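Residues per chain, in single letters:
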Amino acid sequence: MTTGTTLKQVPARVIEWALPYWTRGEAGRQTPADLFRVLYLGWLAAFVLKVLGSTWDVSWHFKWLRDDLAPPHMLNTVGTVIAVGLAIVHWYTGYGVDRLASRLIQWGTGIFLIAIPLDLINHRVNGLDITAWSPSHALLFIGTALMIAGVIRGWYLGAASYGVISDRRRTIVLAVLFTFFFENVHFPEQHQEYGVLELASWDRGQPYAEPSLLQFAANQMGRAVDRPMILKFSLPVPDYVYPVYAGVAGMIILVVARMIVGKRWTATSIAAVYVAYRCLVWPLLVGTTFPPSAIPFFFLLAGLAVDLAFFVRVPYFRPVLGAALVTAGVYGGLALQDRLLDAPPYAAASWPVTAAALAAAWLLAEWLVGRRQASAVSVSGSSVSGSALSGAALGGAAETRAETGDEPAREPGAEPVPTTAPVRDSGAATASDGGDV
């Protein structure tokens, strides 16, 4: 006689386990440890599917005519369905998130769902989007960013309360979530990374795109299929967009990640994981006849520059020096990549704009950190360290985290998701001073 659970019994067992949790509650209620882990494992699965689908999708659009039911869209849709289900669970039950995290997830999910029909209507009316930088696509990116920000906040505040979740696991998951955030922010720039090689394939007389796609795009532009048309199709935005956007929007994500994760080499690790992922999927796509892309190897130098800047312990001097180092990493890395491999066109003369904008954004982040530190000290007195963590992307998500070494008393199976992170001892290293936390 066999024992255990058969495949047919799995749905019933899952429902039996989950149904007692399906009760109305306010955000921040006590969350059982096993439910907390399942919720955030679900978010990781949703983001993995969405990233795989979107990566395949951008390559697909440089080869075939758009199709609403294309396999990449369906893969992305599965991830979206999981994310919507989790957002509903957080909203209805209040488990696993505080109020701000829940609102970020709700707003992000809502914007994303609104953007889907708008994007479909846009394609019906205007045909192809010649660029990933269109308004309807921007709504998709913004919705996803808010969604991930809410999940980051929920995990950061909640995971520290569970003794069964080790500090190492908390840190790894937090870094992985920031990698998803980084990928989402950088996603529109893949248009140039694919476009530069699409243009090169035309110049070789062997375009990657199918003739039907090129003819459709040419008809939409009202011109013949020629090099100027291919140039507009492949590289539709000015050359300064790529380095400025990567150097400001992309790098400030790595800066905030370094502040919140609080570990040395956080930015380098996130950049390396993203580049490694692009290297992994590259042969899979090319091996199945999809177009290749220029992998942004320059992120490795830029991420390293972010981490090196955090060895400077003067908060308001660090952004200025850091912006200079990171800008050198972005533009120097692009120049090196362009010489050795392939890189999207970039306007080298735009570096002062990138440096100034990044310095301003970094200073703002440091100022927000300083405000949170001052608030934490005023509330907690001498027991609080200055490890207050914030950022516009998280809506002020990070407060301060406990490092007393003692686990508080907990009810069996149910532990609270705090609305603020516990505080550190006054002697602990902070997440913004360059030390390990």
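The rules behind the values
Residues numbered from 1 in each chain as written. Predicted model: local features only at pLDDT ≥ 70, side-chain atom pairs only at ≥ 80, totals over all residues. Heavy atoms only, no water. Helix = DSSP H or I, 4+ residues; strand = E, 2+ residues; numbered from the N terminus. Buried < 20%, exposed > 50% of the residue type's maximum accessible area, 1.4 Å probe, protein only. Lys, Arg positive; Asp, Glu negative; His and termini not counted. Salt bridge = Lys/Arg side-chain N within 4 Å of Asp/Glu carboxyl O. Polar contact = N/O pair within 3.5 Å; in protein donor to acceptor, adjacent residues only side chain to side chain. Contact = heavy atoms within 4.5 Å. Core = buried A, V, L, I, M, F, W, Y, C linked by side-chain atoms within 4.5 Å. Phe/Tyr/Trp six-rings, centres within 6.5 Å; stacked < 30°, edge-to-face > 60°. Lys NZ or Arg CZ within 6 Å of the ring centre and 35° of its normal. Axes fitted to C-alpha atoms, helices over the stretch in contact; angles between N-to-C directions. Parallel < 35°, antiparallel > 145°, perpendicular 65-115°, else oblique. Left-handed = near helix turned anticlockwise from the far one by under 90°. Nonpolar A, V, L, I, M, F, W, Y, C, P; charged D, E, K, R; others polar. Expected span 1.5 Å × (residues − 1).

Moving on, we come to the side chain of Lys50. Relative to the assigned elements, Lys50 resides in helix H2 (residues 33-61). Buried charged residue Lys50 carries no salt bridge. Nearest counter-charge: Glu183, at 8.9 Å. In this structure the side chain of Lys50 is engaged in a polar contact, spanning 3.1 Å, whose partner is the side chain of Thr80. Setting aside residues no more than four positions away along its own chain, Lys50 makes contact with Asn76, Gly79, Thr80, Phe112 and Thr144.

Close approach of charged atoms lets side chains of opposite charge pair. Enumeration according to the criterion identifies 9 salt bridges in this entry. A salt bridge links Arg170 to Asp167; the shortest N-O distance between them is 3.4 Å. Of this pair, Arg170 and Asp167 are both found in helix H6 (residues 167-186), 3 residues apart, which corresponds to roughly one turn of the helix. Asp167 sits in the partly exposed class, given a relative accessible area of 34%. What emerges from the salt-bridge pattern is a single network uniting Asp167, Arg170 and Lys263.

Our next topic: unusual backbone geometry. Phi at Trp265 is positive, roughly 70 degrees, even though this residue is not glycine. Topologically, Trp265 is positioned in the loop between helix H10 (241-261) and helix H11 (266-287). A positive phi angle, close to 70 degrees, is found at Thr289, a residue other than glycine. With respect to the element layout, Thr289 can be found in the loop between H11 and helix H12 (298-309).

Before going further, it helps to spend a moment on the nonpolar core. In this structure, Trp43, Trp155, Phe178, Met251, Phe299 and Trp362 are the most contacted members of the largest nonpolar core, which totals 81 residues. Of all the elements, H10 adds the most residues to this core, at 14 residues. Setting aside its immediate chain neighbours within four residues, Trp155 contacts Phe36, Tyr40, Ile165, Arg169, Arg170, Val173, Leu174 and Leu177. Counting residues in hydrophobic clusters, the runner-up holds 20 residues, among them Val58, Ala209, Leu214 and Phe233.

Below, the discussion takes up the packing of aromatic side chains. Scanning the model with the defined rule gives 21 aromatic pairs in all. The ring of Trp91 is capped by Arg24, whose NZ or CZ atom sits 5.0 Å from the centre of that ring. Over the ring of Tyr95 we find Arg29; its NZ or CZ atom is 4.1 Å from the centre of that ring.

A few words on the packing of H2 against helix H5 (residues 135-159). The geometry of H2 relative to H5 is characterised by a closest axis approach of 11 Å and an angle of 150 degrees between their N-to-C directions. With respect to H5, the element H2 is oriented roughly antiparallel. In this structure, H2 crosses over H5, and the sense of that crossing is left-handed. Residue-level contacts link Phe36, Tyr40, Trp43, Phe47 and Lys50 of H2 to Thr144, Met147, Ile148, Val151, Gly154, Trp155, Gly158 and Ala159 of H5. Of the residues assigned to the contact of H2 with H5, the class counts are 9 nonpolar, 3 polar and 1 charged.

With that out of the way, let us pick up the environment of Pro315. Structurally, the position occupied by Pro315 is in the loop between H12 and helix H13 (318-340). According to the relative accessible area criterion, Pro315 is partly exposed, its value standing at 33%. Residues Pro315 and Val369, 54 residues apart in the sequence, show an inter-C-alpha distance of 9.4 Å.

Moving on, we come to H11. Spanning 22 residues, H11 covers 32 Å between terminal C-alpha atoms, matching the ideal 32 Å at 1.5 Å per step. Within the span of H11, buried status applies to Thr266, Ala267, Ile270, Ala271, Tyr274, Val275, Tyr277, Arg278, Val281 and Leu285. Contact partners of the buried residues in H11: H2, H6, helix H7 (190-203), H10 and H12. Thr289 lies just past H11 and shows a positive phi near 70 degrees.

Take the environment of Thr288 next. Among the structural elements, Thr288 can be located in the loop between H11 and H12. Taking relative accessible area as the criterion, Thr288 reaches 44% and is therefore assigned partly exposed. One polar contact links the side chain of Thr288 to the main-chain carbonyl oxygen of Leu284, over a distance of 2.8 Å. A distance of 3.0 Å separates a polar atom in the side chain of Thr288 from the backbone oxygen of Leu285.

The values reported here are purely geometric and, on their own, carry no functional implication.
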